[in-house]
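Residue-level listing of the chains:
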Amino acid sequence: MTAEIYRDAWGVPHLRAGDARELAHTQGLATALDRAWQIEVERHRARGTSAAFLGADALGWDRFARQALLDDTARRCFTALERRDPETAAWVRAYVDGVNQGLPEGARRAPEFATVGLTPGRWEPWTSLGVWLATHILFAGFPAKLWREEVVRHLGPDAVGLFATDGPATSGSNGWLVSGERTATGLPVIAGDPHRFIEAPGVYQQIRLSCPEFDVVGLAVPGVPGIAHFGHTGTVAWAITNAMADYQDLYRERLRRSGEGEGQRVEALGPDGRWHAASRHVETVEVADGEPVEVEVIETGRGPVVISGDFDGEDGPVAEGSAGPISLRYPPRVSEDLGFGSLLPLLRARRVADVDRAFDAWAEPVNVVQAADTEGGLLHRVAGRVPLRDPENGVRIVAAWEPGHEWRGWYGPMPRGTVDDGIAVMANQRGPATPLGVEFAPPHRADRLRTLLDARTDWSAADMAALHMDTHLASAGPLLDHLAALDGLTPEAVALRERLLAWDRRMDADSREAAVYAAVRSAVVRRIVAHPALAPLTGPPSCPEVLRPWLALVPRVAFALEGLLKAEDLYGIDRAEAVGAAVEEVAGAPPKGTWGDTHRLAPWRAVPDPASDDREPGLSGDHDCVLCTSAVPGLTDRAARGPAARYVWDVARREDSGWVVPFGASGVPGSPHHRDQLPLWLGGELAPVVTDWNLLTRNDEDNDVDNSVDNNVSDESDEDSDDDNGIDDECNRSGHERDGSGDKRNGTGETGDGGSDDVVHGRP
């Protein structure tokens, strides 16, 4: 059978091939045609070479990716995959070969390559693993341990709980499962939406993968084969949410140097009281329109050093308050496994039991899985790899030289959740993953969804889209309570207060009251941040740029505001006074428009486009709404995070399912499918999942890409042979001089008010 690419009315690729390996090749080809610029940016991030064409703004991520040894870890994981699961390794190779075949044509279509002067490079067999790792390395939120360290140092351990929440750069989701006892069809429905930084092109790719062995629709990660997170095989469907588990550790190291120049050696003090050799080399990061930057890469017995700092001498540790050196221990670096062994079994799944077994091989990120099948089978479980270690490891940075902080195997069996009265809801709140995490989302989204779902027993797939768009803001309560208790206000402030107390607490884009509430909330945040009691937390963090969003005070106060307002004491901060001053400020200069006038979409683009940013639409929703569109109160109303996709899986009739992404199926500006789904996304509508091949269109332009390209790449997968205008050659030379190289994902820029631009325009 000849592989073919079909399209539906929204440009979504529907792929058909003779077997799974040929289908993987076709998926790689279609992805390269639709998302060439996006996946090439991701490849460079995974290697730590993006600053070579994106400039100094990308340097922070490149430095982190090199120091964290992301590319080397991906390479090791692929080598181990070939040994453990040769079928999946060959399938991944086929996908990569398809990418290499399609990239020249895909790059011809995408204008960004010419804009930055980039030539598409060669994908290696482990590149997909590198893209996956770089995308998810910060999902477990290990930088939050840096924040807790600062809070304990300046305010004491009791303050940690005050700021505990899903912080400024975490990624979450809504997900709900309704069993057949509550649906019109008598079979389950699964629905939800992953919340991430909104990117253009989008982080999810709607796709259909069909061969004689399986026929699956779902949301793929561009650059990665298969359908990992959200899929429907026709007889079983699954979806995930972020479990908020803690599975990465930070160790404060004692390091010492000996020798000079290229012969320099580094040693690390271990928990046995002895000094052990650490690996060390220096890499050069090229920077467009700038000087090359040298990056020292060190790995101890715990892991790679991701925060440099003063080295110890023979006489003892560095000074109190030093940020480093700090190493990162993360599961794939230890296990040489990124969980790709689950991807083919997921595509082949026919029942819930098959999905369950497939997720036994899942590694990271750690997720909560919900699944249902046509026989009424249900699944609600945690999947992933979490190390067994001292509980202190999960809370703070621990001393590498102290015994007791070593990893002692893996947590298991993974926890399972329940389906209560026909409903299971996960929105990153405490649930089955509670034993595995430290900080979770407030329960507001989960509670709201449960309340809405409890109201009916005749749900259909078509009903679910309305739940995605619910804008009720339960977390507004404490601020409104403070507002109600105020006295001595001016007449203007009293009038404003009465408006807010009568408000329905819905963060609708056309609501003037929502705009007023947001203005008061931001003013309260700024006043709390400015209080002298928190002044020690406003200094510039002594850590790499990419980790600074986790240490920025404004977002920390903004997202913890509900708890801060309810706390019995807040280090002498008079909350009533702050709220009173805030309402007077807003009463004196109230917002002139609606919430949507300022709460506008702010997607991340690898090449910034201010003109496009100014044209992005206003949004309903807020951080704690089911419609989770996150601004940073006190810093900006612009929303950089939100639903990166929405889906409804009808288990009874897959053709009654629906999906939508923020922009479109194509990553090519000017394509009719570049932004054609945006009106649906804004309005809470879903595009239909088309399953009838007779309703699809075969596009000759997609199917006639020159197959000769494939012959030039498929036999050279173990060698670095990129020629990205010299970018990759430099990276490869450093890679051959030692045990591995690095990767990258996103740089940040501190603002002067304790916030971070990348909380607004950054990526996780």
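Q: Help me understand the pattern of salt bridges in this model?
A: According to the stated counting rule, one finds 60 salt bridges in the structure shown. Between D72 and R333 there is a salt bridge, with its nearest N and O atoms 2.8 Å apart. With D72 in helix α4 (residues 70–84) and R333 in helix α9 (residues 331–335), the pair connects residues that are 261 residues apart, well separated along the chain. Under the relative-accessibility criterion, R333 is labelled buried at 9%. As a salt-bridge pair, E513 and R499 come within 3.1 Å of each other at their nearest N and O atoms. On the criterion of sequence distance, the pair formed by E513 in helix α16 (residues 512–530) and R499 in helix α15 (residues 491–501) is long-range, its members being 14 residues apart.

Q: What am I meant to see in the packing of helix α14 (residues 477–485) against α15 here?
A: Each pair of packed helices can be summarised by the angle the axes make with each other and by the distance between the axes. It is the contact of α14 with α15, at a shortest axis distance of 10 Å, that shows an interaxial angle of 140 degrees. Viewed along their axes, α14 and α15 adopt a mutual orientation that is oblique. Taken as a pair, α14 and α15 cross one another with a handedness that is left-handed. On α15, the residues that touch L480, L483 and A484 of α14 are R497, L500 and L501.

Q: How should the packing of aromatic side chains be read in this particular structure?
A: Aromatic rings in a pair are described by how distant their centres are and how their planes are angled relative to each other. For the structure on display, the rule yields 15 aromatic pairs. An angle of 90 degrees between the planes, with centres 6.2 Å apart, marks the rings of W132 and F340 as edge-to-face. Linking W132 in helix α7 (residues 127–136) with F340 in the loop between α9 and α10 (343–348), this pair joins segments that are 208 residues apart in sequence. Overall, W132 belongs to the buried group, its relative accessible area being 3%. Judged by centre distance (5.7 Å) and plane angle (70 degrees), the ring pair of W407 and W410 falls under edge-to-face. The exposure class of W407 is buried, given its relative accessible area of 13%.

Q: Is there a simple way to explain the environment of E299 in this structure?
A: When you line up the elements, E299 lands in strand β13 (residues 293–299). On the basis of relative accessibility, which here comes to 17%, the residue E299 falls in the buried class. Along the backbone, E299 and A278 are 21 residues apart, and their C-alpha atoms lie at a distance of 5.6 Å. When residues no more than four places from it in sequence are discounted, the contact partners of E299 are L69, R76, A278, S279, P304 and R333.

Q: Honestly, the packing of α4 against helix α5 (residues 86–109) in this entry has me stumped. Any pointers?
A: Two elements in contact, α4 and α5, have axes whose closest approach is 5 Å; the angle formed by their N-to-C orientations is 130 degrees. With respect to each other, α4 and α5 are oriented oblique. Residue-level contacts link F78, L81, E82, R83 and R84 of α4 to P86, T88, A89, V92 and R93 of α5. Residue composition of the contact of α4 with α5, by class: 5 nonpolar, 1 polar and 4 charged.

Q: Explain unusual backbone geometry here, please?
A: Generally, phi is negative for residues other than glycine and the peptide bonds are trans, each holding for most cases. Cis geometry is adopted by the peptide bond preceding P201, which originates at A200 and carries an omega value of 0 degrees. Note the cis peptide between E364 and P365, where omega equals 0 degrees. Following the sequence through the fold, P365 ends up in the loop between α11 (352–359) and β16 (367–373). Of note, the phi angle at D421 is positive, near 55 degrees, even though the residue is not glycine. Position of D421 relative to the elements: it lies in the loop between β18 (398–399) and β19 (423–426). A positive phi angle, near 65 degrees, is found at R505, a position not held by glycine. Along the chain, R505 turns up in the loop between α15 and α16. R505 sits in the partly exposed class, given a relative accessible area of 28%.

How each quantity is defined
Residues numbered from 1 in each chain as written. Predicted model: local features only at pLDDT ≥ 70, side-chain atom pairs only at ≥ 80, totals over all residues. Heavy atoms only, no water. Salt bridge = Lys/Arg side-chain N within 4 Å of Asp/Glu carboxyl O. Helix = DSSP H or I, 4+ residues; strand = E, 2+ residues; numbered from the N terminus. Buried < 20%, exposed > 50% of the residue type's maximum accessible area, 1.4 Å probe, protein only. Axes fitted to C-alpha atoms, helices over the stretch in contact; angles between N-to-C directions. Parallel < 35°, antiparallel > 145°, perpendicular 65-115°, else oblique. Left-handed = near helix turned anticlockwise from the far one by under 90°. Contact = heavy atoms within 4.5 Å. Phe/Tyr/Trp six-rings, centres within 6.5 Å; stacked < 30°, edge-to-face > 60°. Nonpolar A, V, L, I, M, F, W, Y, C, P; charged D, E, K, R; others polar.

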